[in-house]
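Here is how the chains run, residue by residue.
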Amino acid sequence: MATTGEEALGTEQPGPSAPVLSARDMWKSYGRVVALRGVDIDVYPGEVLGLVGDNGAGKSTLIKCISGAEYPDSGTIFLEGQEVVFHGPLAARHAGIEVVHQTLGVAPQLDITSNLYLGREVRRGGFRGSVFRMLDVRTMRRQAAEKVKSLGIATIQDITQAVETLSGGQRQAVAVARAAAFGSKVLIMDEPTAALGVRESGQVHQLIASLRDSGLPIILISHNMPALWDLANRVAILRLGRVAAILAPAESSMEEAVAIMTGAKAASHPPGTNG
Amino acid sequence: MANLPRQDQLVSDRGPEPPRAVPAGQREAHHAEALEAARHRHRWQGPLYSLQRLLHRHAALGPLLVLVLSAGVFELLHPGFLRLENISLMLQQLAVLGSLAIGQTMIMLTAGIDLSVGALMILAQMIMGELAINSGVDPVLALVIGVAFGALMGLVNGALTARVRLPPFIVTLGTLGIFTAIGLRLSGGATLFFGGSALAGSAISSSSNALLWTGTFLSIGSFTVTTGVLLMVALYIVFAYVLAWTAWGRHVYAVGDDLNAARLAGIRVRSLIASVYVVAGAIYGLAAWVQIGRVGSVSPDISSTLNLDSITAVVIGGTSLFGGRGVMIGTLFGALIVQVFNTGLELVGVNALYLPLAEGILVISAVALDHWIRAIKD
Ligand SMILES: Nc1ncnc2c1ncn2[C@@H]1O[C@H](COP(=O)(O)OP(=O)(O)OP(=O)(O)O)[C@@H](O)[C@H]1O
Ligand SMILES: [Mg+2]
């Protein structure tokens, strides 16, 4: 099971190694609204890259463009040095990029297993799979249970439960689990704790920390600055569709980030410097 | 929110002093925990909640109960209602509507609706009859062309819904009129008989004419069905399997459940929706075959209530109008319920007016029940 990338380096700090994922000069507009104005971003092995910015700064748009959910107007994406173009979310997922979207993207009436495997269902072997297209429900359930368990999501017990019968935090956990279980190159999370209480947020943050420690690079969008400062190796600040600054939490304060975010302060660290 | 146990405890431990000493973060955590606990208490309360959960898990359970109950009541009112002869007859009368409801179910699972189902079925059988009777086309070929035509018209509905993104209600309301008009135009309003007359047709051709094959009777004791009934049952089995056991089936549910989530999961939602209408159209073509076999002729003026009756059957069968919820077997129960009321009210000797009344009450109750079951998400 190629879950959390063994190929990634176990280092905490992004060293001089090459980025796993790079996006260059990303532009995207919706009609008159220009959501991205030439964004450059790099994610290095084993790091959590925080992404902050005011509402409408373009964070969700950026990760949609990276993950094939939207087509950028222009821009190039490199995965492990290779240029890639994703025609649709499935292509990005096949390449090992998994996303927890801001809108969660789980189908509430399907059960947990079906949601984990939505779009990548496992068929049975033999003629039952090839001729009758029969799903291997038992294998999917077993693996889903294993994955949920290995991620330490204890609050989910019955893997056949419909997602709509879960609490908000558990639903979020399902979305995170799905991404974490299948992401082999990069994990992207768009405000994974937005709808959660203190305790549930804490659980998701713990999960992110353990995924980071396993070496999987993560892009984390959050408005929760203290949590970001705790988890991220670097924080990119998006402002009006541009990267205004990239800070290292170890060296910069949250106040500085907020000031740059709101435009009260010009960036002292020009984008491109890796903390 | 009167009972937050932790807060109470704090207050009683520390006397009247407000619990200021607890750090803000910790207090919030306690609060969240208390809320969670309260929610859990609420969730597990009462037999009504258990019932809601049960019906939520098993979408066909409600319709099955209603079916058993109504059949039982009619047996009481009219002893002999559940005799095999009567059941046989009901199944034969049900075969066309039952088949149409299969296509309707899949469309409604995608949160769509098909108002043109009956009209398309009638048009498909007109085409089959026209080809086989008036143009001398081999009946088997006429059948294949008719089913393919159903699929093609399904594609029209599907493309207008999925590609042009018009609401399915409007699209199929439009095609309802169009299909009806073409069907009438094609026949000039006349009924086509096989072999010249109705009697000669069914006597000579049932064994030789493939189009009439679905009218063949099969008996086991006093239980008599037609091959059309068997075809309907086979269709239920096939599509129950497809919905429950294939990726396509899962995607049908996902698309009706949350279109955006399905899209983000990588499902090509537009093609999927279009494919559902195509499959439904082909099923309507097969239903047309069942209809021809049953009547032994091809007529443009078959009861126009088929359009709405199929929706009635699907809704009574526990499929949600909002998509994503329902099972094939539930639709079979729903169609059977409609048929039981149909036959039952007639046998009991009630004014025919009361059938639409009963159906109306059933539909509204079914939708209300669905509403309540869906309220399970807090
Ligand atoms: N589908 C869309 N159609 C039109 N405009 C859009 C669309 N999606 C995003 N936008 C616009 O693009 C800009 C960036 O939006 P985006 O969702 O990327 O912001 P964000 O940084 O994720 O904000 P938030 O913190 O609120 O999630 C906004 O001005 C938004 O209105
Ligand atoms: Mg956003």
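Structure: see above.
Cut-offs applied
- Per chain, residue numbering runs from 1 following the sequence as it is written.
- The lettering of chains begins at A and the numbering of ligands begins at 1, in the order of writing.
- Given that the model is predicted, a residue must reach a pLDDT of at least 70 before its local features are reported, and side-chain atom pairs must reach 80 or more before they are shown or counted; all residues, however, enter totals for whole chains, interfaces and linings.
- Only hydrogens and water are set aside; all other atoms, that is, all heavy atoms of the structure, feed into the side-chain values.
- Helix and strand assignments come from DSSP, with helices taken as H or I runs of at least 4 residues and strands as E runs of at least 2, each series counted from the N terminus.
- Contacts were defined at the residue level, with two residues in contact if any of their heavy atoms lie within 4.5 Å.
- Note on areas: Shrake-Rupley, 1.4 Å probe, and residue coverage restricted to the protein chains presented here.
- For the radius of gyration, the atom set is restricted to C-alpha positions; the globular benchmark scales as 2.2 Å times the number of residues to the power 0.38.
- Summary of the burial criterion: residues with accessible area below 20% of their type's maximum are buried, those above 50% are exposed, and those between are partly exposed, where the area comes from a 1.4 Å probe applied to protein chains only.
- Counting rule applied: Lys, Arg positive; Asp, Glu negative; His and chain ends not counted.
- To locate a charge, take NZ of a lysine, CZ of an arginine, CG of an aspartate or CD of a glutamate.
- Definition of nearness: a residue and a molecule or strand are near each other if at least one heavy atom of the residue lies within 4 Å of the molecule or strand.
- Any pair of N or O atoms that falls within 3.5 Å is considered a polar contact. Within protein, one atom must be able to donate a hydrogen and the other to accept it, and sequence-neighbouring residues count only if both atoms are side-chain atoms.
- Polarity classes work like this: nonpolar for Ala, Val, Leu, Ile, Met, Phe, Trp, Tyr, Cys and Pro, charged for Asp, Glu, Lys and Arg, and polar for all others, with Gly in that last group.

(A) Spotlight on the overall build of chain B. Within chain B, the regular secondary structure consists of 16 helices and four strands. Within chain B, contacts between residues separated by at least 24 positions form 76% of all contacts whose residues are at least 6 apart in sequence. Surface exposure of chain B reaches about 17200 Å², of which carbon and sulfur atoms provide 68%.

(B) Broad picture of the overall build of chain A. Scanning chain A for helices and strands turns up nine helices and 10 strands. Compactness check: chain A gives a C-alpha radius of gyration of 19 Å against a globular reference of 19 Å for 275 residues, within 12% of the reference. The C-alpha extent of chain A, read off along each of the three principal axes, is 60 × 40 × 40 Å. Burial status across chain A gives 57% buried among its 275 residues. In chain A, of all internal contacts separated by at least 6 residues, the share reaching a separation of at least 24 is 65%. When the accessible surface of chain A is split by element, carbon and sulfur atoms take 52% of a total near 11500 Å². Counting 26 positive and 27 negative side-chain charges, chain A places the averaged centre of each group 7 Å from the other.

(C) Just the site of ligand 1, in detail. Residues and elements named next belong to chain A. The environment of ligand 1 is made up of 14 residues, and the closest members are N55, G56, K59, S60 and T61. Side-chain polar atom of N55 to an oxygen atom of ligand 1: 2.8 Å apart, as the coordinates give it. Interatomic distance of 3.0 Å between a side-chain N/O atom of Q102 and an oxygen atom of ligand 1. Protein chains bury 64% of the 630 Å² of accessible surface belonging to ligand 1 in isolation. Mapped by element, the contributors of at least two residues to the shell around ligand 1 are β2 (33-43) and α1 (59-66). Among the elements that line the shell around ligand 1, the one with the most residues is α1, at three residues. Classifying every residue of the shell around ligand 1 gives four nonpolar, seven polar and three charged.

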